[in-house]
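# Fold and geometry: a report
The chain contents come next:
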Amino acid sequence: MRTYGCQMNEHDSERIAGLLETDGLEEAESFDDADVIVLNTCCIRENADNKLYGQLGNLKKLKEERPDLQIAVGGCLAQKDRDVIQERAPHVDVVFGTHNVGRATDLLDQARVSGPVTEIIEESASFPSALPVKRDANHAAWVTIQIGCDNSCAFCIVPSVRGKEISRPYSELVSEVEQLALTGVTEITLLGQNVNSYGRDLTLKLRGTELTAEACQLVGENWVRGPHTARPLFSDLLCSVAAVSGIRRVRYTSPHPKDFRPETIAAMARVPEVCEHLHLPLQSGSDKILSAMHRGYTADRYIQKVVAARDEIPDLALSTDIIVGFPGETDLDFERTLEVAAEVRFDNAYTFVYSPRPGTEAAESLEQAVPAKTSADRMERLRKVIERTSLKGNESRVGREEEVIVEGHSKRDNGMLSGRTRHNRLVHFPADRVIRPGSYAQVRVTEARTFNLIGELVEVTAKAKHRTRIPVVSS
Ligand code: 5AD
Ligand code: SF4
C-alpha cells in the first residue's frame, strides 16, 4: 500500500489493507516482494498527477518481469482521472474511486479473471468504516464521522471527488468507538471535512417523521430529547465519544471556522478527554482573498473565534492551514496573512502554495495568477513567522510535566523514545527502560526545538493494554 494525501486517505488505506488481509494477503516489505500493489492517491494539490504517473512508470518494468503482479490505483486522483489512468498506464489492473474502497478486493479478483477493470461510482452506498481495518498503531484510531463536503471553497477539489456531505448515524459512531475501546484503543480522532456541520443531512431525513427510538439511533438521544437545534451538535458527539469507557483522548479534524460553535469550545473546556488542541484552517488573513475563496468569514471573525476558544481553554494549542499565492493575492493581502498569523500565534501550520485544480472556480482566474517566484518568497516569509511562534509555544513548555502517549523509538535515534502530548507536540526522551507503544507517561520537558520537545521520563502512568488486532466490523 502506498498512501498519498490526508488522514481521510490514510484511513481509507487502513480499510483497504484490512480487506486485503481478510482476503489472505499480508503486508510486503517492498514493491519488489509484493503480489499486489495499491496506490491510494490524492489530488488536492498539484503534482500528484505527475508523481502518480512517474510511480506507475517505474512499476511498469516490475509488471513486465512479473505479469502476475497486480497494480491497483484508488483514491481521489483515480476518482478524478478515471479512464485516463488505464489509457496512460495500461499495465494498471484496477482503478477504483473514493466511494467504492470496499470493492477493492473484488475488483482485484475480477481483474485476475477478465483483465483490467475501472469502477468509479459517484456516491457512496456505505461508509468505509463498515469494513475491516488494519491500523498502524494499536492505541489510536481514526473514526470517520462524515464524508464529502457541501462547501464550495474556490480552490478546493474535494467536493467534486468526495461528493456531498453524508454523516454517519450517531449511535453507529458511538458503537464503533466502544468496539475500538474494547480492543485497547485509548485515543480517537474524529475525521471529517467540516466536522461542525456533522448531522445536517441526518436531521433533514427526520423531517415530518415521529421522533422515535430510531431517530435516537440516527441523531442521538440529546438532540431528540433536547432543544431542537438545526442538527445534532458536534459537541454532543464529542461528549458521547469521550464518555466511552477506556477512551482517554479525543481529537478531531477539521472544523470550518464559519461553523465553529461556542458549544464545541464549551465541550473542549469541560470534557477532560477532549484534547486542548484546535486545528482551525485560516487559509488567508486578507478579507478580500477570504471572500474570493468563499470561506464565509473575515480575518476578524476568525480571530474572535480563537479568542473565544482561548478564553475558555487557556492552555489551548492552535494549528492551521494557510494557502499563499491564491489568484489575485497582492503583497498587501499577503502582509495581512503574516499579521494575522503573528497575532494568533499558531503552534503549527501546514502551509501550501496555491495550486490550480481542474474544475474549481479559482482555476479559471488565469490572468490573476501569482508568479511562482512570488509565491515561493511569500512561503519562505510565512514559514519564518510560523517557526517563530511555534518555537515560542514550545519554549513555554520547558520545565513542565506533560502527559504523553508513547509512540515507540524515535525515528532518528534509537536511544530515544517519542511520545505525543495532548497538544499533539512530539517529545523525545531517553529510552532508559522498555515502554510499550500506547502506554501513557509523564515526561518533564527540558528543551524546546522548533518542531519538537526534548524531555525526561518522570513515570509511566498507564501501560498499553491493547490486545492482538481484532478487525472491527460495525453493522
Ligand atoms: N492549493 C493549495 N492548497 C490547497 N488546499 C486545498 N486545496 C488547495 C489548493 N488547490 C489546502 C487547504 C486545505 C488543506 C487540506 O489543503 O489549506 O485546508
Ligand atoms: Fe475543501 Fe472548503 Fe470543503 Fe474544506 S471546507 S473540503 S477546503 S471545500
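Higher on the page you've got the structure.
Each value, and the rule that gives it
Residues numbered from 1 in each chain as written. Chains lettered and ligands numbered in written order. Predicted model: local features only at pLDDT ≥ 70, side-chain atom pairs only at ≥ 80, totals over all residues. Heavy atoms only, no water. Axes fitted to C-alpha atoms, helices over the stretch in contact; angles between N-to-C directions. Helix = DSSP H or I, 4+ residues; strand = E, 2+ residues; numbered from the N terminus. Parallel < 35°, antiparallel > 145°, perpendicular 65-115°, else oblique. Contact = heavy atoms within 4.5 Å. Nonpolar A, V, L, I, M, F, W, Y, C, P; charged D, E, K, R; others polar. Salt bridge = Lys/Arg side-chain N within 4 Å of Asp/Glu carboxyl O. Buried < 20%, exposed > 50% of the residue type's maximum accessible area, 1.4 Å probe, protein only. Left-handed = near helix turned anticlockwise from the far one by under 90°. Near = heavy atom within 4 Å. Polar contact = N/O pair within 3.5 Å; in protein donor to acceptor, adjacent residues only side chain to side chain. Areas by Shrake-Rupley, 256 points an atom, 1.4 Å probe, with all protein chains shown as cover. Core = buried A, V, L, I, M, F, W, Y, C linked by side-chain atoms within 4.5 Å. Phe/Tyr/Trp six-rings, centres within 6.5 Å; stacked < 30°, edge-to-face > 60°. Lys NZ or Arg CZ within 6 Å of the ring centre and 35° of its normal. Pairing = 2+ DSSP bridges.

## Overview of the packing of helix 15 (residues 331-344) against helix 16 (residues 372-395)
Interaxial distance between helix 15 and helix 16 falls to 9 Å at its minimum, and their mutual angle equals 10 degrees. One finds that helix 15 runs roughly parallel with respect to helix 16. For the pair helix 15 and helix 16, contact is made by D331, F334, E335, T337, L338, A341 and A342 and by R378, R381, L382, V385, I386 and T389, respectively. Grouping the amino acids of the contact of helix 15 with helix 16 by side-chain chemistry returns seven nonpolar, two polar and four charged.

## Side note on the pattern of salt bridges
The tally for this structure, following the rule as stated, stands at 37 salt bridges. The salt bridge partner of K258 is D259, with a shortest N-O separation of 3.1 Å. Relative accessible area serves as the criterion here: at 30%, K258 is assigned to the partly exposed category. Between D315 and R397 there is a salt bridge, and its shortest N-O distance comes to 2.9 Å. Placement of D315 in the loop between helix 14 (299-312) and strand 12 (317-324) and of R397 in the loop between helix 16 and strand 14 (401-409) is noted, with a sequence separation of 82 residues between them. For R397, a relative accessible area of 5% corresponds to the buried category.

## Brief notes about the packing of helix 12 (residues 262-270) against helix 14
Contact geometry of helix 12 with helix 14 gives a least axis separation of 9 Å together with a crossing angle of 25 degrees. The angle between helix 12 and helix 14 falls in the class roughly parallel. When you trace helix 12 past helix 14, the crossing you get is right-handed. Across the interface between the two elements, I265, A266 and A269 from helix 12 touch K305, A308, A309 and E312 from helix 14. Across the contact of helix 12 with helix 14, the residue classes tally to five nonpolar, no polar and two charged.

## A closer look at the site of ligand 1
Residues in contact with ligand 1, as listed here, are I44, R45, F155, Q283, D321, I323, F352, V353, Y354, S355 and R357. A distance of 3.0 Å separates a nitrogen atom of ligand 1 from a polar backbone atom of F155. One of the backbone N or O atoms of S355 is found 2.7 Å from a nitrogen atom in ligand 1. Protein burial of ligand 1: of its 400 Å² of free accessible surface, 87% is covered by the chains. Elements that contribute at least two residues to the shell around ligand 1 include exactly strand 12 and strand 13 (348-353).

## Focus on the nonpolar core
In a soluble, globular protein the nonpolar side chains are often hidden away together inside. Core analysis: the biggest nonpolar cluster contains 63 residues, and I188, L190, F234, L237, Y252, L278 and F346 have the highest contact counts within it. The dominant element in this core, judged by the number of residues it contributes, is helix 7 (residues 170-182), at six residues. In this view, I188 contacts A141, V143, V177, L180, V241, I247, R249, V250 and R251; residues no more than four positions away in its chain are not counted. Formed by 23 residues, the second largest nonpolar core is a distinct cluster that contains C43, L52, I71 and C76.

## Re the packing of aromatic side chains
Within the structure shown, the criterion is met by five aromatic pairs. Ring plane angle 85 degrees and centroid distance 6.5 Å describe the contact between F155 and F326, whose orientation is recorded as edge-to-face. Taken together, the residues span a long stretch of sequence, with F155 in the loop between strand 7 (146-147) and helix 6 (158-162) and F326 in the loop between strand 12 and helix 15 at a distance of 171 residues. A relative accessible area of 11% means that F155 is categorised as buried. A centroid spacing of 5.4 Å and a plane angle of 70 degrees characterise the contact between F326 and Y354, whose relative ring orientation is edge-to-face. Highlighted residues: F326 in the loop between strand 12 and helix 15 and Y354 in the loop between strand 13 and helix 16, separated in sequence by 28 residues. A residue is classified by how much of its surface remains accessible, and F326, at 3% relative accessible area, is buried. On the basis of relative accessibility, which here comes to 12%, the residue Y354 falls in the buried class. Feature note: the residues F155, F326 and Y354 constitute an aromatic cluster, connected by ring pairs. A cation over an aromatic ring shows up here: R88 above the ring of Y53, its NZ or CZ 3.8 Å from the ring centre. When the ring centre of Y440 is taken as origin, the NZ or CZ atom of R248, which lies over that ring, is 3.9 Å away.

## Let's talk about the sheet that holds strand 11 (residues 277-279)
Spatially, the three strands line up as an open sheet ordered 11-12-13, and their pairing is parallel. The strands lining the two open edges of the sheet, one partner per strand, are strand 11 and strand 13. If you compare each strand with its neighbour and ignore which way they point, the axes differ by 10 degrees on average. Where strand 12 meets strand 13, six bridges bridge the pair, whose relative direction is parallel. Along strand 13, the bridge assignment pairs D321 with Y350.

Note that every value here comes from positions in space, so none of it alone points to a role or purpose.
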